[in-house]
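Structure assessment
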Amino acid sequence: MLALITGATGGLGRAMAVECARRGYDLFLTDLSEAPLWELAGGIARRFGSNVRVCACDLTDETQVASLFEEVDGCGEKLGLLLNIAGVDYEGGFLTRESGKIAKIIQLNIEATLRVTHAALNRRAKEFYVVNVSSLASLYPMPLKATYAASKRFLLDFSIALGRELSREGVHVLALCPGGMPTTPENTASLQAQGFWGSVTSHDLGRIAYNTLRHALRGGRVYIPGAVNRALCIAGKLLPREWIAAFIYARWNATQKKWLTTGM
């Protein structure tokens, strides 16, 4: 199976690449910078003996994405798995962020994901699996993370709808909705600032990668890692969304003040 992984050099992307290689898949890895891609590819090839190809690409640039898929075509193998890992968030309130950064969230999280998914579907094997990385944030209205949460809600609904639309064509689409993940120093600092809630809603990246692929290959549609996160999902369906927004605002207002202003 040939697996295409976007955002491959980030924390979750690396974990997914390792898990795919452990399963014996051929890999095509992409991210913004070429050097980290070659470093990752070399490590995976040495450890697992995998066939790994790389291509640096800005997924928000349509021309670069077209060139990326020309490279994919050169593999001589149909895609069996697409892992849409690439995404971005900028912490802080809506008016505290530059408009360009707000737009970047939509461009990468939504537009780029759609562009890559459409191109990959036209190069798919008979059985094709897609994993879109949504978020636990997709389940709630989130003040101070409003654009990010809304972009992830789009990916959740899109994944469920596309999976149903193409289910008779051998296409299986899973939305991964994790809590916080220690993928960057910023994310790690955010989790630490959240204290108890940060610790109980976050999970090991390797474990998430293993379980995500297990759910995807079994035809799962939504995967929420962790019993606490699944309980929060149920609670979110029962309580008025205005109450949830108020609770989240109080929590994130305190958290962001703690680490954005102090560097914790």
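Please refer to the structure placed before this passage.
Keep in mind it's a predicted model, so treat the numbers as computed, not measured.

A few points about the nonpolar core
The nonpolar side chains of a soluble globular protein tend to be buried, and buried together. Core analysis: the largest hydrophobic core is formed by 32 residues, its most contacted members being Ile-5, Cys-20, Leu-27, Leu-29 and Leu-83. Element by element, the count of residues in this core is highest for helix H1 (residues 11-22), at six residues. Other than its neighbours up to four places away in sequence, Leu-27 contacts Leu-2, Ala-3, Ile-5, Ala-17, Cys-20, Ala-21, Ile-44, Asn-51, Val-52 and Arg-53. Membership of the second largest hydrophobic core comes to 28 residues, among which are Val-88, Ile-105, Leu-108 and Phe-128.

Things to note about the packing of H1 against helix H8 (residues 205-217)
Any two packed helices are characterised by how steeply their axes cross, that is the angle between the axes, and by the distance between the axes. With their axes 9 Å apart at the nearest point, H1 and H8 run at an angle of 55° to one another. Classified by the angle between their axes, H1 and H8 sit oblique to one another. Two packed elements cross with a definite hand, and for H1 against H8 that hand is right-handed. Judged by residue contacts, Gly-11, Leu-12, Ala-15, Met-16, Glu-19, Cys-20 and Arg-22 of H1 engage Leu-205, Gly-206, Ile-208, Ala-209, Tyr-210, Thr-212 and Leu-213 from H8.

Regarding the pattern of salt bridges
Enumeration according to the criterion identifies seven salt bridges in this entry. The salt bridge involving Glu-169 is made with Arg-124; its shortest N-O contact spans 3.0 Å. Of this pair, Glu-169 sits in the loop between helix H5 (146-165) and strand S6 (171-176) while Arg-124 is found in strand S5 (residues 124-133), placing the two residues 45 residues apart along the sequence. Of the residues examined, Arg-124 reaches a relative accessible area of 26% and is grouped as partly exposed. A salt bridge links Arg-153 to Asp-157; the nearest nitrogen and oxygen atoms lie 3.6 Å apart. Placement of both Arg-153 and Asp-157 in helix H5 is noted, with a separation of four residues, approximately one turn of the helix. It is possible to trace a salt-bridge network through shared partners that takes in Glu-19, Arg-22 and Arg-23.

Each value, and the rule that gives it
- Residues numbered from 1 in each chain as written.
- Predicted model: local features only at pLDDT ≥ 70, side-chain atom pairs only at ≥ 80, totals over all residues.
- Heavy atoms only, no water.
- Core = buried A, V, L, I, M, F, W, Y, C linked by side-chain atoms within 4.5 Å.
- Buried < 20%, exposed > 50% of the residue type's maximum accessible area, 1.4 Å probe, protein only.
- Helix = DSSP H or I, 4+ residues; strand = E, 2+ residues; numbered from the N terminus.
- Contact = heavy atoms within 4.5 Å.
- Axes fitted to C-alpha atoms, helices over the stretch in contact; angles between N-to-C directions.
- Parallel < 35°, antiparallel > 145°, perpendicular 65-115°, else oblique.
- Left-handed = near helix turned anticlockwise from the far one by under 90°.
- Salt bridge = Lys/Arg side-chain N within 4 Å of Asp/Glu carboxyl O.

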